[in-house]
Amino acid sequence: MEDLGPALAGAFAERPADEHPWRSLRRAFDVLTRINADAPEHSLAFLRMIEANPTMAARHRGKQQAWEELLVPLVAARLPGDLPAAQDPAPRALVASAVACLNAAMRAWAAGDGVGSRDALLNRAMNAPLG
């Protein structure tokens, strides 16, 4: 899981520079949805193990926060702003929201016993209507 941070950052960096960062974040998460694509039962077992163990859940969240720290500057570089990067909440809010969507999609997938597409659920989460 720790090695996934650089892979996510690399996938984001490879996206077109003029693409909206939200879309780039979604596509970067393909790195995650491809894990165990041929054996989804492994991903399901992993998710259930994390949910059942508070210590593991906390460690997993810590790793996701490390991912966020890698992604925030990349998102900040693509957003127009009149604030110094460290004072602008927008990049951090976008990245944290995208990770929350990822977690919601993976929980929904696990709740459905791993049936269906993780990508479809992630698309649904990240395209949820705002109004």
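Residues numbered from 1 in each chain as written. Predicted model: local features only at pLDDT ≥ 70, side-chain atom pairs only at ≥ 80, totals over all residues. Heavy atoms only, no water.

Q: I tried to follow unusual backbone geometry on my own but got confused; where do I start?
A: A negative phi angle is the norm for most residues apart from glycine, just as the trans form is the norm for most peptide bonds. Positive phi is not limited to glycine here, since Asn36 has a value of about 60°. Within the element layout of this structure, Asn36 appears in the loop between α3 (30–33) and α4 (40–52). Its identity as a non-glycine residue notwithstanding, Asp113 has a phi of 60°, on the positive side. Tracing the chain through its elements places Asp113 in the loop between α6 (89–111) and α7 (118–126). (Helix = DSSP H or I, 4+ residues; strand = E, 2+ residues; numbered from the N terminus.)

Q: For this particular structure, what's the right way to read the side chain of Asp88?
A: Looking at the secondary structure, you find Asp88 in the loop between α5 (54–78) and α6. Despite its burial, Asp88 remains without a salt bridge, the nearest opposite charge being carried by Arg92 at 9.8 Å. (Buried < 20%, exposed > 50% of the residue type's maximum accessible area, 1.4 Å probe, protein only. Lys, Arg positive; Asp, Glu negative; His and termini not counted. Salt bridge = Lys/Arg side-chain N within 4 Å of Asp/Glu carboxyl O.)

Q: How should the packing of aromatic side chains be read in this particular structure?
A: For any pair of aromatic rings, the description rests on two quantities: the centre-to-centre distance and the angle between the ring planes. This structure, assessed with the given rule, holds zero aromatic pairs. The ring of Trp109 is capped by Arg118, whose NZ or CZ atom sits 4.9 Å from the centre of that ring. (Phe/Tyr/Trp six-rings, centres within 6.5 Å; stacked < 30°, edge-to-face > 60°. Lys NZ or Arg CZ within 6 Å of the ring centre and 35° of its normal.)

Q: Teacher, can you tell me more about α4 here?
A: Count 3.6 residues to each turn of an α-helix, and residues three or four apart come out pointing the same way. Relative to the 18 Å expected for 13 residues at 1.5 Å per residue, α4 spans 18 Å between its end C-alpha atoms, a close match to the ideal helical length. What α4 keeps buried is the set Ser43, Leu44, Leu47 and Ile50. Relative to the axis of α4, the buried residues are bounded by an arc of 130° and lie together on one face. The secondary structure elements touched by the buried residues of α4 are α5, α6 and α7. (Expected span 1.5 Å × (residues − 1). Arc of directions from axis to C-beta. Contact = heavy atoms within 4.5 Å.)

Q: Before we go on, may I ask you to explain the nonpolar core in this structure?
A: Across soluble globular proteins, you tend to see nonpolar side chains buried next to one another. Membership of the largest hydrophobic core comes to 29 residues, with the highest contact counts inside it found for Leu25, Phe29, Leu32, Leu102 and Met126. Residue assignment for this core shows that the elements contributing at least two residues are α1 (4–14), α2 (21–28), α3, α4, α5, α6 and α7. With 10 residues, the top contributor of residues to this core is α6. Once residues lying within four places of it in the same chain are set aside, the contact partners of Phe29 are Leu8, Ala98, Val99, Leu102, Leu122 and Met126. (Core = buried A, V, L, I, M, F, W, Y, C linked by side-chain atoms within 4.5 Å.)

Q: Got a minute to help me understand the packing of α5 against α6 in this structure?
A: Packing of α5 against α6 leaves a shortest axis separation of 8 Å and a crossing angle of 135°. It follows from the interaxial angle that α5 and α6 lie oblique. Note on packing geometry: the crossing formed by α5 with α6 is right-handed. Counting all contacts with α5, which are made through Arg61, Gln64, Trp67, Glu68, Glu69, Leu71, Val72, Val75 and Ala76, the residues of α6 involved are Pro91, Arg92, Leu94, Val95, Ala96, Val99, Leu102 and Asn103. When the residues that make up the contact of α5 with α6 are grouped by side-chain class, the tally is 11 nonpolar, two polar and four charged. (Axes fitted to C-alpha atoms, helices over the stretch in contact; angles between N-to-C directions. Parallel < 35°, antiparallel > 145°, perpendicular 65-115°, else oblique. Left-handed = near helix turned anticlockwise from the far one by under 90°. Nonpolar A, V, L, I, M, F, W, Y, C, P; charged D, E, K, R; others polar.)

What is shown is where atoms sit, not what they do.
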